[in-house]
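Fold and contact review
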Amino acid sequence: MKAAKRILGVAVGALMLGASSVAADTIKVGIIGPFSGPFALQGKNFQAGVEAYMALNGKSVKGHDIEVIYRDLPAANPAQSRALAQELVVKEKVQYLGGVYFTPDAMAITPLLTQANTPLVIFNAATSAIMTQSPLVVRTSFTTAQTTTPLGKIAAERGVKKVISAVSDYGPGVDAEVAFKKAFEAAGGKVVEAIRMPLNTNDFSPIMQRVRDSGADAVFAFLPSGPTTLGFVKAYNETGLKQAGIKFFAPGDLTQESDLPALGDAAVGLLTTFHYAVSHDSPENKRFVEAATKAIGSADQLSFPAVGAYDGMHVIYKMIEATEGKQDAQKAVDAVKGLSWTSPRGPVSIDSETRHITENIYLREVVKGPDGKTYNKEIQTFPNQKDPGLATQ
Amino acid sequence: MPDLAGIVIIAAVGMAGYWLFPDNLALLTRIVAVALLVLSIDLVTGYCGVATLGQAALFGAGAYAAGIACVNGMTEPLTLVLIGAVAGAVAGLLMGSVMLRAHGLAQLVLSIAIVQLFHEAANKASAYTGGSDGLSGLMVSPLFGVFAFDLWGKTAYLFGLSLLVFVFIALKFVVSSPFGILCRGIKEDPIRVRAMGAFVFPVLLKMFAISGAVAGIGGALAAISTQVVGLDSVSFELSANALVMLVLGGLGTLYGALAGTVIFMGFEHMVSAINPFHWMTMVGALLIGVVLAAPSGLSGLLGTISRATTRGKGGRG
């Protein structure tokens, strides 16, 4: 009996030795995102981006296996965010943290990073200030100021003199209002009135009346994606503002691809600026869309968080490569400073000072494709845009 | 001395959590903070019969007060808890003086209106509260100058647990005092209490202030341990969730409030880790199950079982 046990032990040991020479170890990556609740689609896009990257680039780096652990954070909740991050680091022993959809959730994780010796790669949360909270944060998404600023120039170039802005009264809305005003007035235009609408406004006809009364040539809008945006765009059409020739400008959050089917024909002609359109014409994007569609199940659900996650995984892979699988957060972050590559959204790089992504911003128009479906068509490119919010600090 | 035994059990369960789940202390601290909120609802709903879906207004008042004080240089944790308690009590007085003007359904609607107003105020005053980006940059100094609030969260948890036990002991005195018994009387029959010559409004208002202080301590603890205060801490969702936990545990017993919180949040954490995509169905199933099997909450179920067993033995009950 004893001998048998010994033989078994030797055999198991040999097996494990053999296995370890093939794959030295497993490196865990913790992804926090909204995988259930009202924002579940954004979380699904995170997952699709991660899975697409791993399907195209393999599940190991230099012999280190990569294991992804997902944790659900349905709505902005910093206390829960911190608890999840702490558990991922302390219990699951992840070497990298990624994801994060909402700004306060990211703010709650940043104080932990130095002690945890863990970099955080943000796939979405889009407020400039996050980057200044910890030297171990890298971001592969965008900021509202970054995507909005080119709009000011575009509006002025198209002969618009007076704009009225209408934004939802919360952080990103105010960011958008400020960024647009700054860029538009720098280009010689004037914002005649700035309306801040309560977040849960459903009836937009009074707003449309104010837009008409203001005598502006165009309206600049920012609302959270979903039913409110739908209501706003519908009101813009139905109250005759569109027919009256009042132009409509907005950041691309409003016409993200997953919302377009619901907006239908009402969206046709809307001008938005953003860092990524699913329709972007490049071989990299074709490969990405194909793999991500397979992961998410339906092409209609794919939108911008997926590309943030895809590029986030690219950054994490590069970090693992640079640290040879050893846990060294500072070395990992240093290794990706200045890193540049061709993303599905176009050429991008990580700014070595701010650790935020530098990327092209595109002007897009919603048009009807040959199959009758609407999509964002890129019509103008603003190359290598940095985050103006961070540049001024 | 069943109360003494109960307090020892709470401390023992808390310490068991510390030894058994050393890697989940941030979660356990969050549970303690929410338990304080649930206790505060129990005071007004369970003991006074005033249903509220806006208690997070008081929790948030404590959290933001502590957070703003901390950002402005008052970083001593015990001072911050005190600030949270005072802010919560003041908010409680305010909320009580509005809510107690109405009765029944109108009262419940008022509580929702108040929490929404607090939420909007916190969103609007973004220069102080950070708005929807959250109030960040809280650098809390070490407790007693020695124990830092760090990644592993040992200090935060033990600090929170001590606060919970302390508050629990204080509340045991409150609810068994003549004042507490008067509150129960008001819950049973306010007209009769009034006919006896007692003033109903000031008694209930006093309970609102105490309840506010407890919720405020919870908020301050959340702010200290998370280092960020978000708009979720003054949300209707948090109020409603906390009420669900209270109903799960059982109204009108302080133990029920604690048990409900631990079971609800523990279960939620467990199923959401197992399946981060479809866990909400499991929580829904648990709630439906509890409501069907034990309409008066888990503590009510325990009471029924213990009565049934003693009757079975023919004991004195």
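Note that this is a predicted model, so its numbers are computed, not measured.

1. Digging into the overall build of chain B
When helices and strands are tallied, chain B shows 14 helices and zero strands. Relative to its length of 317 residues, chain B is compact, with a C-alpha radius of gyration of 19 Å against a globular reference of 20 Å. The principal-axis extents of the C-alpha atoms in chain B amount to approximately 60 × 45 × 40 Å. Counting across all 317 residues of chain B, residues that qualify as buried make up 49%. In chain B, 77% of the contacts between residues at least 6 apart in sequence involve partners at least 24 apart.

2. A look at the overall build of chain A
When you go through chain A residue by residue, the secondary structure sums to 14 helices and 15 strands. In terms of overall dimensions, chain A is globule-like: its C-alpha atoms have a radius of gyration of 23 Å, near the 21 Å expected for 393 residues. In terms of principal-axis extent, the alpha carbons of chain A reach across some 90 × 45 × 35 Å. With 393 residues in all, chain A has 52% of them scored as buried. Considering only contacts in chain A between residues 6 or more positions apart, those separated by 24 or more positions represent 70%.

3. Re the nonpolar core
If you look at the biggest cluster of nonpolar residues, it comprises 208 residues, and the most contacted ones within it are Ala221(A) and Leu36(B). Here this core gathers at least three residues from each of two domains, domain 1 (23–142 + 281–355) and domain 2 (145–274 + 361–391) of chain A.

4. So, the domain arrangement of chain A
Residue and element names in this part refer to chain A. Taken domain by domain, chain A consists of domain 1 (23–142 + 281–355) and domain 2 (145–274 + 361–391). One C-alpha centre belongs to domain 1, the other to domain 2; they are set 29 Å apart. At the junction of the two partners, domain 1 supplies 14 residues and domain 2 supplies 13 residues. Residues belonging to the side of domain 1 that touches domain 2 are distributed by class as follows: six nonpolar, six polar and two charged.

What counts and how
Residues numbered from 1 in each chain as written. Chains lettered and ligands numbered in written order. Predicted model: local features only at pLDDT ≥ 70, side-chain atom pairs only at ≥ 80, totals over all residues. Helix = DSSP H or I, 4+ residues; strand = E, 2+ residues; numbered from the N terminus. Rg over C-alpha atoms; globule rule 2.2 N^0.38 Å. Buried ≥ 20, exposed ≤ 12 C-beta atoms within 10 Å, placed from the backbone. Contact = placed C-beta atoms within 7 Å. Core = buried A, V, L, I, M, F, W, Y, C linked by C-beta atoms within 7 Å. Domains from an automatic or database assignment. Nonpolar A, V, L, I, M, F, W, Y, C, P; charged D, E, K, R; others polar.

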